[in-house]
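Reading the structure
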Amino acid sequence: SSPYHRASASCGSGLWPLRRLVFYFSHGSAVLESTRGQKLANIAVEHFHEQLNNDRYDEIIGEADEGFSQAGKDDLLKFFSAVHAKLGDAGASSFDNINVSATPTRTFVTTRYSTAFSRGAATETFTWIKKAGALKLYGYNINSNALILN
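Model, not experiment: these values are computed from the prediction.

For the protein chain, the helix and strand inventory stands at four helices and five strands. Along its sequence from the N terminus, the protein chain presents helices and strands in the succession β-α-α-α-β-β-β-β-α. A sequence separation of at least 24 residues applies to 60% of the contacts in the protein chain between residues at least 6 apart. With an accessible surface of roughly 8100 Å², the protein chain has 53% of that area assigned to carbon and sulfur atoms.

Per-residue confidence for the protein chain gives a mean pLDDT of 81, with 76% of residues at or over 70. Across residues 1-8 the pLDDT falls below 50, and counting only partners more than four positions away or on other chains, this stretch makes 17 contacts in the model.

For H49, the position within the fold is in helix α1 (residues 27-53). It is 5.9 Å that separates the C-alpha atoms of H49 and A90, two residues lying 41 residues apart in sequence. Sequence-distant contacts of H49, that is, excluding residues within four places in its chain, are made with A90, S93, T115, E124 and F126.

So, on to the side chain of N141. With respect to the secondary-structure elements, N141 resides in strand β5 (residues 134-144). Residue N141 is classed as buried on the basis of its relative accessible area, which comes to 17%. Within the local environment of N141, its side chain forms a polar contact with the side chain of N143, the two groups lying 3.2 Å apart.

This next bit is on the pattern of salt bridges. Per the stated rule, a full pass over the model turns up six salt bridges. Note that R56 and E59 form a salt bridge whose closest N and O atoms lie 2.9 Å from each other. For R56, a relative accessible area of 24% corresponds to the partly exposed category. A single network of salt bridges, built from pairs that share partners, joins E50, R56 and E59.

With that settled, consider the nonpolar core. Ranked by internal contacts, the top residues of the largest apolar core, which has 29 residues, are F80, W128 and I142. Those elements that place two or more of their residues in this core are α1, α2 (57-63), α3 (73-87), β2 (90-102), β3 (107-117), β4 (120-131), β5 and α4 (146-149).

A few words now on α3. Structural remark: α-helix, 3.6 residues per turn; residues separated by three or four positions point the same way. With 15 residues, α3 extends 21 Å from end C-alpha to end C-alpha; this agrees with the ideal 21 Å at 1.5 Å per step. Those residues of α3 lying buried are L76, F79, F80, V83, H84 and L87. All buried residues of α3 lie within an arc of 125 degrees about the axis, which places them on one face of the element. What points out from α3, more than 90 degrees from its buried face, is the exposed set D74, K78 and A85. Of the residues one or two after α3, G88 is the one with positive phi, at around 80 degrees.

Another aspect to go through is the packing of aromatic side chains. In the structure shown here, the tally under the stated rule is 13 aromatic pairs. With centroids separated by 4.9 Å and ring planes inclined at 40 degrees, the aromatic side chains of F48 and Y140 adopt a geometry described as tilted. With F48 in helix α1 and Y140 in strand β5, this residue pair connects regions lying 92 residues apart in the sequence. When sorted by exposure, F48 lands in the same class as Y140, which is buried.

Conventions we followed
- Residues numbered from 1 in each chain as written.
- Predicted model: local features only at pLDDT ≥ 70, side-chain atom pairs only at ≥ 80, totals over all residues.
- Heavy atoms only, no water.
- Helix = DSSP H or I, 4+ residues; strand = E, 2+ residues; numbered from the N terminus.
- Contact = heavy atoms within 4.5 Å.
- Areas by Shrake-Rupley, 256 points an atom, 1.4 Å probe, with all protein chains shown as cover.
- pLDDT = per-residue confidence, 0-100.
- Buried < 20%, exposed > 50% of the residue type's maximum accessible area, 1.4 Å probe, protein only.
- Polar contact = N/O pair within 3.5 Å; in protein donor to acceptor, adjacent residues only side chain to side chain.
- Salt bridge = Lys/Arg side-chain N within 4 Å of Asp/Glu carboxyl O.
- Core = buried A, V, L, I, M, F, W, Y, C linked by side-chain atoms within 4.5 Å.
- Expected span 1.5 Å × (residues − 1).
- Arc of directions from axis to C-beta.
- Phe/Tyr/Trp six-rings, centres within 6.5 Å; stacked < 30°, edge-to-face > 60°.

The structure is reproduced here in structure tokens:
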């Protein structure tokens, strides 16, 4: 066990009333939706990291769901800049898990990745909202000891 506390940072509107979520998928279609969601998420995470590594935070915010930017564009720009300054460039990411939940009007895909940044490892949790067959960023959380130590 590490003597250091794990740092956590979040942005966007990754929270919604869970008690209102209704699961509409049967077991078979939920598995299929999870598989599709993972493929879409892998592409989206790769794109996100490419933007982060190249200081294109405006693009991350601009391409995200409108619910993501409720925190305010200036705060989000500072957040991404601080994460990038502390952790450096994102490198290899490995998929850890996925959760697909649906309401009558929206489908949320939450994915967790273990990512090697140039200055330390991190666990990233992305919440996506599925729109027109694509995923739009809805929430982002990153946990890393390197956020404290670097």
